[in-house]
Amino acid sequence: MTRLARYSPYFLALPFALVFLAFFVVPLVLVVVVSFWDYTEYSIIPDFILTNYAEMFEGCLARLPDLCTTFATYLSTLKFVVLTWFFCLIIGFAVAYYLAFCVSSLHMQIVLFLICTIPFWTSNVIRMISWIPLLGRNGLVNEGLISAGLIEEPIEWLLYSSFSVTIAFVHLYALFMVVPIFNSMMRIDRSLIEAAYDGGANGWKTLTNVIIPLSKPGIVIGSIFVITIVMGDFLTVGVMGGQQIASVGKIIQVEMSYLQFPAAAANAVVLLMLTLLIIVAMTRIVDIRKEL
Amino acid sequence: MAPRSVRIILGLFFGLFVLFLYGPLISVFVLAFQGPEGGLTFPMRGFSTHWFGVLWEGVGVVDIWRAFRRSLALGVVVMVITVVLSLMAGLAFRRRFAGSGAVFYVAVASLIVPSIVVSLGIALEFRLVDDAVKAWGRANEVEWVIRQYTTAMGLFTSAMGAQLTWTLPFGLLIMFAVFNRFDPSYEEAARDLGAGPWATFREAVLPLIAPALVGVALFGFTLSYDEIARTSQAIGGLNTLPLELRGLTTTVTNPSIYALGALTTGVSFLVIGVALLVHWLLRKRRAAQLARMGGGGA
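Thresholds applied
- Residues numbered from 1 in each chain as written.
- Chains lettered and ligands numbered in written order.
- Predicted model: local features only at pLDDT ≥ 70, side-chain atom pairs only at ≥ 80, totals over all residues.
- Helix = DSSP H or I, 4+ residues; strand = E, 2+ residues; numbered from the N terminus.
- Rg over C-alpha atoms; globule rule 2.2 N^0.38 Å.
- Contact = placed C-beta atoms within 7 Å.
- Buried ≥ 20, exposed ≤ 12 C-beta atoms within 10 Å, placed from the backbone.
- Axes fitted to C-alpha atoms, helices over the stretch in contact; angles between N-to-C directions.
- Parallel < 35°, antiparallel > 145°, perpendicular 65-115°, else oblique.
- Left-handed = near helix turned anticlockwise from the far one by under 90°.
- Nonpolar A, V, L, I, M, F, W, Y, C, P; charged D, E, K, R; others polar.
- Expected span 1.5 Å × (residues − 1).
- Bend = angle between axes of the 7 residues up to and from the residue.
- Core = buried A, V, L, I, M, F, W, Y, C linked by C-beta atoms within 7 Å.
- Domains from an automatic or database assignment.
- pLDDT = per-residue confidence, 0-100.

**A look at the overall build of chain B**
Turning to step 1, where the next piece is worked out: Of the regular secondary structure elements, chain B holds eleven helices and zero strands.
Turning to step 2, where the next piece is worked out: When its helices and strands are written in sequence order, chain B yields α-α-α-α-α-α-α-α-α-α-α.
Turning to step 3, where the next piece is worked out: Here the C-alpha radius of gyration of chain B, 24 Å, is well above what a compact globule of 298 residues would show, namely 19 Å.
Turning to step 4, where the next piece is worked out: Expressed as lengths along the three principal axes of its C-alpha atoms, the size of chain B is roughly 75 × 70 × 35 Å.
Turning to step 5, where the next piece is worked out: Taking all contacts inside chain B whose residues are at least 6 apart in sequence as the whole, residues at least 24 apart take part in 76%.

Below, the structure written as structure tokens:
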């Protein structure tokens, strides 16, 4: 092997690695470092203080069982995480199962899969505001319920509420669950399922003993994706919550708009730690690298 | 094959899911053609292109057409960089090299670290760079820094970097999928026939993986064109279209926002259509070439 060939992987991977060094690794290090800095209204000052963290959790333990703002915000964010994850998982599994096991021709599978993926390529903001004509005070849902005689006054909590935030999350990210689960299911050797049936297992037993365990990698990857996106969200909660609902991401965003970088950084570190904790717990279940 | 009853129930469920995905989007497209008297919700009061006209005149204080051009330009640049760097990294990863694990895990980590944290980090980085440059300018009395320098943040610096941390991992994962299924015998044949590394790549590898590169390009462009979360804090003074659009959701209360939504979604669909067409043409050409060579489909 020539010397050039021996070193070629390094030259080839270098630009890729440099992008992540400059725009991912260094920024993350800076977030951690600056979270210990001091700040005034217009400047940030190198220091090593714990004030930013202390202020975040000020009075949180003393006031229990009442929730301080930080705890309440995290709880609200986690509520969206759990709800979104749950609905995405149900939908993702059912849709992937249908595509993998109920559609027999490969051609049809590809077509239906493409139909599912196309909305993913369009703007998130558009997909959010597209709920306004349906869920608004004079939207299709309210009009329909009124004309059916089921309600007399329009339901107010359909839009700009936890309900609309959750529905938008599921609408935006269900696909992130469909794709990896479908991928895992397509790799399941069909003869295993035949064998389960031949061995006397019914449909339910085959599902719980063969298909679900073998789809686990896809379920875990999809779950990690959905959970981390919802954890850090500020956009969907902002637009669909009518700027009235708190989330951890929104706190960071607001603090940054007031140029309180160290406070925002401290919040970001806590958010990151919590997210990583959840991911580590999930990767205990599966080795991601083996699945590619 | 699942039992008939399961197939029917799941088929209905799938249909509802597709309705759930497309229903709201269709209502935006329909309401974009709302009559001049109509509002943000149904019913349609007439059918017109009035709101596209309003959009053309400009909504509010922001210049959306400039934002649109900025988004397109950034999308194209991010697309090209994503294709080139992902391809190079994909080739590098075909062999194990020192640090390959670290690069891989950093790229995957970039996908799952909350975007607001990445965006904040990049904003901090550029703020510190700005402070350093200004301090250096004052210390050395560099005229143009003192007079003109405000920030290094911008569309093709911080915003581009922020978007690349989101598009490149997808690019790399696609390249992994490609090279995992790649048959190296074509390459070996080219090498046996005396082709050098560059000729082997250009004549044997590139035509085989070209359809997949179209996929990487599609990811690169559309993820950039619609990106908000990472770009939001790292954009500097001039916003991209999605960021302006987000601002408009709180200020615009007439169907012109749907007209804008229909237009930008139309651009996305156009890009997908072109990508699918190019992908299909490349595959057809590849299949024809392989057939001529007497080989099977790779």
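**Some details on the overall build of chain A**
Turning to step 1, where the next piece is worked out: Looking only at helices and strands, one finds 13 helices and two strands in chain A.
Turning to step 2, where the next piece is worked out: For chain A, the spread of C-alpha atoms along the principal axes amounts to about 80 × 70 × 35 Å.
Turning to step 3, where the next piece is worked out: For chain A, the proportion of its 292 residues judged to be buried stands at 42%.
Turning to step 4, where the next piece is worked out: Residue pairs at least 24 apart in sequence account for 67% of intrachain contacts in chain A once pairs closer than 6 positions are excluded.

**Topic: the packing of helix α3 (residues 69-102) of chain A against helix α8 (residues 162-186) of chain A**
Each packed pair of helices is defined by two parameters, the angle between the axes and the distance between the axes.
Residues and elements named next belong to chain A.
Turning to step 1, where the next piece is worked out: It is the contact of α3 with α8, at a shortest axis distance of 6 Å, that shows an interaxial angle of 40 degrees. One finds that α3 runs oblique with respect to α8. For the pair α3 and α8, the sense of crossing is right-handed.
Turning to step 2, where the next piece is worked out: For the contact of α3 with α8, the per-class residue count stands at 23 nonpolar, three polar and no charged.

**Some remarks on the interface of chain A and chain B**
Turning to step 1, where the next piece is worked out: Facing the 72 residues of chain A at the interface are 73 residues of chain B.
Turning to step 2, where the next piece is worked out: Residue contributions to the side of chain A that touches chain B peak at 19 residues, all from helix α1 (residues 3-34) of chain A.
Turning to step 3, where the next piece is worked out: By residue class, the composition of the side of chain A that touches chain B is 55 nonpolar, 16 polar and one charged.

**With respect to helix α1 (residues 4-31) of chain B**
Turning to step 1, where the next piece is worked out: Taking 1.5 Å of rise per residue, 28 residues should cover 40 Å, and α1 of chain B covers 39 Å from first to last C-alpha, within 8% of that figure.
Turning to step 2, where the next piece is worked out: Considering bend angle alone, the principal kink of α1 of chain B is centred on Tyr22 of chain B and spans about 35 degrees; proline Pro24 of chain B follows within four residues of it.
Turning to step 3, where the next piece is worked out: Of the positions making up α1 of chain B, those classed as buried are Leu10, Phe14, Phe17, Pro24, Ser27, Val28 and Leu31 of chain B.
Turning to step 4, where the next piece is worked out: Summarising the contacts, the buried residues of α1 of chain B are in contact with α3, α5 (124-129) and α6 (132-135) of chain A together with α11 (256-293) of chain B.

**Describing the nonpolar core**
Turning to step 1, where the next piece is worked out: Core analysis: the biggest nonpolar cluster contains 148 residues, and Val31, Ala265 and Ala268 of chain A together with Leu120 of chain B have the highest contact counts within it.
Turning to step 2, where the next piece is worked out: In terms of residues, this core owes the most to one element, α3 of chain A, which gives 14 residues.
Turning to step 3, where the next piece is worked out: Per-domain counts for this core show at least three residues from each of domain 1 (1-34) and domain 2 (69-291) of chain A.
Turning to step 4, where the next piece is worked out: When neighbours within four sequence positions are excluded, Ala268 of chain A is seen to be in contact with Val31 and Ile252 of chain A together with Val117 and Leu120 of chain B.

**Section: the confidence of the model for chain B**
Turning to step 1, where the next piece is worked out: Per-chain confidence: chain B averages 87 in pLDDT, with 97% of residues scoring 70 or above.
Turning to step 2, where the next piece is worked out: Among the scores for the predicted complex, ipTM is 0.89 and pTM is 0.89.

**Some remarks on unusual backbone geometry**
Residue and element names in this part refer to chain A.
Turning to step 1, where the next piece is worked out: Non-glycine residue Tyr160 carries a positive phi angle of around 55 degrees.
Turning to step 2, where the next piece is worked out: Looking at the secondary structure, you find Tyr160 in the loop between α7 (140-147) and α8.
Turning to step 3, where the next piece is worked out: Residue Tyr160 is classed as buried on the basis of its 20 C-beta neighbours within 10 Å.

**Here we look at the domain arrangement of chain A**
Accessible area lost upon the coming together of the parts is a frequently used measure of interface size.
Turning to step 1, where the next piece is worked out: Under the domain assignment, chain A is made up of domain 1 (1-34) and domain 2 (69-291).
Turning to step 2, where the next piece is worked out: Placing a centre on the C-alpha atoms of domain 1 of chain A and another on those of domain 2 of chain A gives a separation of 32 Å.

**Re the environment of Ala246 of chain A**
Residues and elements named next belong to chain A.
Turning to step 1, where the next piece is worked out: Within the fold, Ala246 resides in the loop between α11 (235-240) and α12 (248-257).
Turning to step 2, where the next piece is worked out: For Ala246, a count of 18 C-beta atoms within 10 Å puts it in the partly exposed group.
Turning to step 3, where the next piece is worked out: On a C-alpha basis, the gap between Ala246 and Leu75 in space is 9.9 Å, while along the polypeptide they are 171 residues apart.
Turning to step 4, where the next piece is worked out: Ala246 has contacts with Thr73, Ser76 and Ile251, leaving out every residue within four places of it along the chain.

**Considerations on the packing of helix α3 (residues 64-92) of chain B against helix α9 (residues 197-226) of chain B**
Residues and elements named next belong to chain B.
Turning to step 1, where the next piece is worked out: The interhelical angle for the contact between α3 and α9, taken along N-to-C directions, is 140 degrees, at an axis separation of 8 Å. By crossing handedness, the relation of α3 to α9 is classed as right-handed. Taking contact as the criterion, the partners of Ser71, Leu74, Gly75, Val76, Val78, Met79, Thr82, Val83, Ser86 and Leu87 in α3 are, on α9, Leu213, Val216, Ala217, Gly220, Phe221, Ser224 and Tyr225.
Turning to step 2, where the next piece is worked out: Grouping the constituent residues of the contact of α3 with α9 by class yields eleven nonpolar, six polar and no charged.

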